[in-house]
Amino acid sequence: MKKQKMFLRMITASLFRRRSRMLVALLAIAIGATILSGLVTIYYDVPRQMGAQMRNYGANMLFLPASNDDPVTMEDIKEGISKIKKDELIGFTPYRYETVRINEQPIMLAGTDIEATKLTSPYWHIEGEYPTDSTQMLMGKEIAQILDAKTGDSFTVTYSKEVTDLSKEQTDEQAKNADSTLSLSVSGILETGGNEEKYIYTDMSVLNELTGELGGIDLAELSVNTSAEGLKDYLSKTASDKIAPKLVKKVASSEASVLTKLQALVFLVTSVVLALTMVCVATTMTAVVTERRKEIGLRKALGAPNSSIILEFMGEGLLLGGFGGLLGSAMGYAFARYVSMNVFNSSIDFKILLVPVTMAVSVLVTALACILPVRSATDVDPAIVLKGE
Amino acid sequence: MSLLEVKNISKIYGSLKALDNVSLKVEKGDWLAIMGPSGSGKSTMMNIIGAMDKPTLGQVILDGKDISKESSKSLTQIRRDKIGLIFQQFHLVNYLTALENVMVAQYYHSIPDEKEAMEALERVGLADRAKHLPAQLSGGEQQRVCIARALINYPEIILADEPTGNLDEANENMVIDIFRQLHKDGSTLIVVTHDPEVAEVAQKTIVLEHGKVAREVINNEK
Ligand SMILES: Nc1ncnc2c1ncn2[C@@H]1O[C@H](COP(=O)(O)OP(=O)(O)OP(=O)(O)O)[C@@H](O)[C@H]1O
Ligand SMILES: [Mg+2]
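Figured I'd write up the structure that's included with this text. (Residues numbered from 1 in each chain as written. Chains lettered and ligands numbered in written order. Predicted model: local features only at pLDDT ≥ 70, side-chain atom pairs only at ≥ 80, totals over all residues. Heavy atoms only, no water.)

### A few points about the pattern of salt bridges
All names here are of chain A.
Alright, step 1. The full count for this structure, using the stated rule, is 30 salt bridges over all chains.
Alright, step 2. Where Glu-79 meets Lys-83, a salt bridge forms, and the shortest distance between an N and an O atom there is 3.8 Å.
Alright, step 3. Residue Glu-79 is classed as partly exposed on the basis of its relative accessible area, which comes to 47%. (Salt bridge = Lys/Arg side-chain N within 4 Å of Asp/Glu carboxyl O. Buried < 20%, exposed > 50% of the residue type's maximum accessible area, 1.4 Å probe, protein only.)

Structure follows, in structure tokens:
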């Protein structure tokens, strides 16, 4: 029999026939490796995920009227939208703003496509319900506070035609006649923590009915799932004499900063977990060496040089490291998948390269953790430990 | 030239002389028993002869070489090449089978040879227990595995410190029989024992007291 074969036979016997002790170390390594491979998997997948995810923080592109005098119609918007690939367009929402009055307070009313806001503004938090018909409106929280409004309350919304052009000759009577009113109930209060809370929202048709005319679209928000370059490309493609497209900068830059922070976090968490793994393996190995002092003494009495003792314990440790790394790769993938499914709602690719990398890191961490305990094994004096008691 | 010559050795622990100016000669093929009360220095003597310890004073010449001042590294090599150890507590590796325990000694000495290890187990009557773990063996069986392990590399000297201390009468007799056979085959044996029955089968018994050789008894061949 070859010497190497006996070596393997000894260290595997030690691992498999003395399971309980080694199981603790194996578990520690496997958990460390799980966190390592899991976080790295998530980390590499996150930019892709974040692309879709960041769109959840609002639209990343706007269509604005190219000129103030030339109202933009829905057809113009759709013309621009047609330049964007169908599978990349998550949604678009047109907005038309008019000043109305409730209880003599001037308030901005936005006519929009309520269903579409769910796609382009998924972060909207609504106390109550989205409006479902033309008798309802969504009320920004700030407005609700001014009006002391609650979900279910009804208000008379007044719109004055040509309010700005009101000429001096017109009497109050005439002005009153120009007013149109609608009674709308509050289906829900909108909370965003931003400017949206200063508006009330209805369906576009409600605003058109109130004003009695088809006004121009003041703004369309678009959510497009593509890279930064892709967005720039669309910027030039969708521009026309009617529409001036713009990118929403806030999202683009925060995407990058979130990624950097995430990278730091992954690095930090992984280092901490690997350090903990190392401590746990070192502790276990120290206990193992103490537990096996007699055996070490015996091996030395049989003529084992220190190098052999080191090799055997390191061999056990490294085998454990490799095995723990392998186990951790599998569990890490499961972990990453679970996180991805639950946080990002999408599956994740298995990166085969991560298996050898995780195993190598596990072996390295185990080797480092074993150095001190294994060196202490060579200090064993066979004459003392083998003495009868 | 004697196989082993111990010249005026002393082992001193602080104010205690565990061995006090002891001299001793062992020829090839000798069977020596060492007796004496507890604390008289028997194990200390065995450790020095077995290259596990060094005397404070004096010389130990094994196979023509003074091993009393060797480095621990070369002592390791001497143990590996020349010494076979048998312990009162057997000291088998508990996660290895009987056969593997014998092969461990081969592994450090030269190369493991399963067939040869099996033959050694046969010599001590344990061929059918080869695949058992120590916990599955009786004390007597464990001691015989320990003996097989001590024999496997054909050592110059077999040292046994209280080999029957943990065994009952039947197993003790079995071990004595194995020693007889080893002696007949020409092995050199040094056996520390409390048991007069184990001592009297040896050719010669020396009695230690307070680290000194108190007397020597030549046993008649039975
Ligand atoms: N490492 C040591 N440090 C200090 N004193 C020691 C050491 N080893 C042995 N001694 C002492 O040396 C003396 C001889 O010990 P040794 O183990 O040789 O006795 P022994 O004859 O084998 O006794 P026993 O029959 O009980 O095994 C004892 O008094 C013991 O306490
Ligand atoms: Mg003793």
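### Some details on the packing of helix H3 (residues 98-109) of chain B against helix H5 (residues 139-151) of chain B
Residues and elements named next belong to chain B.
Alright, step 1. H5 packs onto H3 with a crossing angle of 30 degrees between their chain directions and a minimal axis gap of 8 Å. As far as their axial angle goes, H5 and H3 are roughly parallel. The chirality of how H3 crosses H5 is right-handed. Contact with H3, carried on its side by Ala-98, Asn-101, Val-102 and Ala-105, involves Val-145, Ala-148 and Arg-149 of H5 and no other residues of that element.
Alright, step 2. When the residues that make up the contact of H3 with H5 are grouped by side-chain class, the tally is five nonpolar, one polar and one charged. (Axes fitted to C-alpha atoms, helices over the stretch in contact; angles between N-to-C directions. Helix = DSSP H or I, 4+ residues; strand = E, 2+ residues; numbered from the N terminus. Parallel < 35°, antiparallel > 145°, perpendicular 65-115°, else oblique. Left-handed = near helix turned anticlockwise from the far one by under 90°. Contact = heavy atoms within 4.5 Å. Nonpolar A, V, L, I, M, F, W, Y, C, P; charged D, E, K, R; others polar.)

### Focus: the pairing of strand E1 (residues 4-13) of chain B
Residue and element names in this part refer to chain B.
Alright, step 1. Sheet topology places E1 next to strand E2 (residues 16-26); seven bridges connect them, and they run antiparallel. Looking at E2, one finds that Ile-9 is bridged to Val-22.
Alright, step 2. Where E1 lies against strand E4 (residues 57-62), five bridges are found, and the strand directions are antiparallel. Bridge pairing links Lys-7 to Gln-59 in E4. (Pairing = 2+ DSSP bridges.)

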